[in-house]
Amino acid sequence: MGSMISQAGFDLTFKYVKLFEQGIVVTVMLALFTVIFGFLLGILLCILRMTDIRPFRFLAIDRNGRLRDGGILLTLSKFNPVSFLATCYVEVIRSTPVLVQILIIYHGLFKAISLPKFTFFGFISFERFFPGVVALAMNSGAYLCEIIRSGIQSIDGGQSEAARSLGLSRGQTMLHIVLPQAIRNILPAIANEFVVIIKESAICYTIGVQDIMAAVEAVRGATFRIMEPLLVATALYFCLCFPTSKIIAYVERRMSRGSKR
Amino acid sequence: MAANDKLIQVKDLKKHYNKGVIRALDGVTVDICKGDVMVVIGPSGSGKSTFLRSLNLTEEPTGGEILFHGVDITKKKIPNEKGKLVKLDLDKHRQKMGMVFQHFNLFPHKTILENMTLAPVKLKKLSKADAEAKAKSLLERVGLADRAAAYPIQLSGGQKQRVAIVRALMMEPEVMLFDEPTSALDPEMVGEVLEVMKELASEGMTMVVVTHEMGFAREVGNRVLFMDEGKILEQGAPSEIFDSPKHPRLQDFLSKVL
């Protein structure tokens, strides 16, 4: 074998340009579907975490119909099983590696559920692509849930107090006062999550999704060159992520202009 | 005074935390009558803001009663005409109590006009056109007619607080609660806000005002409450409170602030 990086190595790599082209399409599709499903899951998780379902609510009221001012019964009355489960999900996802999650989803969940075997766009194998999207979306949903929740909680409590003091209900206050301000605040973080997903999708090659990284592995297997295909992959990921984050930064500046004088 | 003149009756109101270790309110009993301008004074941490915020249940008390038009609004369920227990519609009661905050709490993503029309339109109290007409005439009264299309960030502190007052007036409340309305203002803007409040008082609006403006308390208030450590230590007409204070804590407080 010659030097680590050589012109001949790049020439060999470029013979497989078709694989890289397909890899780009797969990576972009992965990121796109992941963002959509991840965002929907994030909203759902956020709603679940912020519900006010308290089956033991009655324990907070004492014999005279008053709110208790402390004690174990007051603590117990605040228990919300729905929020608890959603919180467990978020914390488990955030505290385990995405590699482990994706392997469990592929080898566990989608061995139990058999997916139809077909390809779309002529080269994307659904039975590998779909578990990849599911695993990434489940992961991203947990992070997006926290982003959305922190956005809502970042709105000053005085805003809700003012709205409620005018007679607006909890729901009206959320819809007209809190959410519009929260969404404006978290848009940059959501956009940033999109860039993160593009990069994280590289992990899907471990379950055989034909993305950019899979193209690298294919070239390596056929030519025994590794650095050249890796450098090509680096350039491709950079060309996907860098402009995306720049566009996001531009949109962000445009939006914040509106809220200033 | 006849019982039906009592707009709000507060009975033995308590707000305890940590099993009573901290007592923000410790048995406050007072009646607020129609047309009263009640000024609440006291050192910081005395519970005066907690008291005011409890009146429309922005703070939930842990004991006592607040009767608004004779209905105990601290209860989750109240008996209806037939004596059956029904859920208390707190939002309905809150519509009748306007509140003005220390930090204005205007909605930054809405224009001044939208800030004012949002609640009456969403709550179907007024049509959009009626609400806008009413908002404009109120803005006219506080000298801000030309700022209707502006956003809160474009206004000075004094202007924001005047908007906050007329925003609350849009719901035609029966009582206005002011929580240190001038404490976050530059000194030169305090006057313009007090002027609006004075005018409101002269029109007969029932008001409860937590403030450090002793001049306002003396001039506009008809009753003054002095609070410390969650209790009302002394109450009376402004002249009694300021000219012949009896409680040593009040004498001490006044000697520091006057």
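Participant: Help me out: how do you make sense of the overall build of chain B in this one?
Facilitator: Within chain B, the regular secondary structure consists of 9 helices and 12 strands. Taking 18 Å as the expected radius of gyration for a compact globule of 258 residues, we find that chain B reaches 19 Å, a close match to that expectation. Over its C-alpha atoms, taken along the principal directions, chain B stretches across nearly 55 × 50 × 40 Å. Taken across its 258 residues, chain B has 55% of its residues classed as buried.

Participant: So what exactly am I meant to see when it comes to the overall build of chain A here?
Facilitator: The helix and strand tally for chain A stands at 10 helices and 2 strands. Each helix and strand of chain A, placed in order from N terminus to C terminus, yields the pattern α-α-α-α-α-β-β-α-α-α-α-α. Relative to the 2.2 N^0.38 estimate, which gives 18 Å for 261 residues, the radius of gyration of chain A is 24 Å and therefore markedly larger than a compact globule would have. If one aligns the C-alpha atoms of chain A with their principal axes, the spans along those axes are about 85 × 55 × 35 Å. Counting over 261 residues, chain A shows a buried share of 39%. Here the analysis covers contacts within chain A between residues at least 6 apart in sequence; of these, 77% occur between residues at least 24 apart. Entry remark: accessible area of chain A is about 14,000 Å², with carbon and sulfur atoms responsible for 68%. Once the 26 positive and 16 negative side-chain charges of chain A are each reduced to a mean point, those two points are 5 Å apart.

Participant: I would appreciate a short explanation of the interface of chain B and chain A in the present structure.
Facilitator: Buried accessible area, meaning the area lost when the parts come together, often serves as the stated size of an interface. Counting residues at the interface gives 38 residues for chain B, matched by 25 residues for chain A. When the two sides are added together, the surface that chain B and chain A hide from each other amounts to roughly 2,600 Å², 56% of it contributed by carbon and sulfur. Per-residue buried area on chain B facing chain A is highest for Lys19(B), Phe107(B) and His109(B); these three make up 20% of the total on that side. Where chain B meets chain A, there are 2 salt bridges.

Participant: I tried to follow a nonpolar patch on the surface on my own but got confused; where do I start?
Facilitator: All names here are of chain A. Where nonpolar side chains cluster on the molecular surface, the patch consists of Phe56, Phe58, Ile72, Leu73, Leu76, Phe79, Phe84 and Leu85 and spans about 810 Å² of accessible area. Of all the secondary-structure elements, those providing two or more residues to the nonpolar patch are helix 3 (72–77) and helix 4 (81–94). Element by element, the count of residues in the nonpolar patch is highest for helix 3, at 3 residues. Its place among the elements puts Phe56 in the loop between helix 2 (17–49) and helix 3.

Participant: What am I meant to see in the sheet that holds strand 1 (residues 6–17) of chain B here?
Facilitator: Sheet strands associate in pairs through backbone hydrogen bonding, adopting either a parallel or an antiparallel arrangement. Residue and element names in this part refer to chain B. The sheet built from 4 strands is open, its strands ordered 2-1-4-5 with antiparallel pairing. Two strands lie at the open edges of the sheet, namely strand 2 (22–33) and strand 5 (71–72), each paired on one side alone. When strand 1 meets strand 4 (residues 63–68), the two strands line up antiparallel, connected through 5 bridges. Its bridge partner being in strand 4, Lys14 is matched across the sheet by Gly63. Helix-sheet contacts for helix 1 (residues 48–55) involve strand 1, strand 2 and strand 4, and the interaxial angle to strand 2 is about 55°.

Participant: I would appreciate a short explanation of the nonpolar core in the present structure.
Facilitator: For soluble globular proteins, the rule of thumb is that nonpolar side chains tend to be buried together. In terms of nonpolar packing, the biggest core is built from 50 residues, with Ile41(B), Ile165(B), Met176(B), Phe178(B), Met197(B) and Met207(B) touching the most fellow members. When residues in this core are grouped by element, the largest group, 8 residues, is from helix 6 (residues 187–202) of chain B. Formed by 39 residues, the second largest nonpolar core is a distinct cluster that contains Ala163(A), Ile66(B), Leu177(B) and Leu225(B).

Participant: What should I look at first to understand the pattern of salt bridges in this one?
Facilitator: Two side chains that carry opposite charge are able to pair once their charged atoms sit near each other. Residues and elements named next belong to chain A. Under the counting rule described, the total for this entry stands at 33 salt bridges over all chains. A salt bridge links Lys117 to Glu127, with the nearest nitrogen and oxygen atoms 3.2 Å apart. Note that Lys117 is positioned in the loop between helix 5 (98–112) and strand 1 (119–120) and Glu127 in helix 6 (residues 126–153), a separation of 10 residues in sequence. For Glu127, a relative accessible area of 27% translates into the label partly exposed. One salt-bridge network, in which partners are shared between bridges, spans Arg49, Glu91, Arg94, Glu146 and Arg149.

Participant: When you look at the confidence of the model for chain B in this model, what are you seeing that I'm missing?
Facilitator: One rule of thumb: low pLDDT means the predicted coordinates there are not for detailed reading. Summarising the model, chain B shows a mean pLDDT of 92, and 98% of its residues fall at 70 or more. Per the prediction output, this complex has pTM 0.80; the corresponding ipTM is 0.91.

Participant: Explanation requested: the environment of Met50(A) in the structure shown.
Facilitator: Residue and element names in this part refer to chain A. Along the chain, Met50 turns up in the loop between helix 2 and helix 3. According to the relative accessible area criterion, Met50 is partly exposed, its value standing at 28%. Taking the C-alpha atoms as reference points, Met50 and Val17, separated by 33 residues in sequence, lie 48 Å from one another.

Here is what the cut-offs are and how they apply
- Residues numbered from 1 in each chain as written.
- Chains lettered and ligands numbered in written order.
- Predicted model: local features only at pLDDT ≥ 70, side-chain atom pairs only at ≥ 80, totals over all residues.
- Heavy atoms only, no water.
- Helix = DSSP H or I, 4+ residues; strand = E, 2+ residues; numbered from the N terminus.
- Rg over C-alpha atoms; globule rule 2.2 N^0.38 Å.
- Buried < 20%, exposed > 50% of the residue type's maximum accessible area, 1.4 Å probe, protein only.
- Contact = heavy atoms within 4.5 Å.
- Areas by Shrake-Rupley, 256 points an atom, 1.4 Å probe, with all protein chains shown as cover.
- Lys, Arg positive; Asp, Glu negative; His and termini not counted.
- Charge placed at Lys NZ, Arg CZ, Asp CG, Glu CD.
- Buried area = accessible area lost by both parts, 1.4 Å probe.
- Salt bridge = Lys/Arg side-chain N within 4 Å of Asp/Glu carboxyl O.
- Patch = residues over 30% accessible without salt bridge, like charges linked within 9 Å, V, L, I, M, F, W, Y side chains within 5 Å.
- Pairing = 2+ DSSP bridges.
- Axes fitted to C-alpha atoms, helices over the stretch in contact; angles between N-to-C directions.
- Core = buried A, V, L, I, M, F, W, Y, C linked by side-chain atoms within 4.5 Å.
- pLDDT = per-residue confidence, 0-100.

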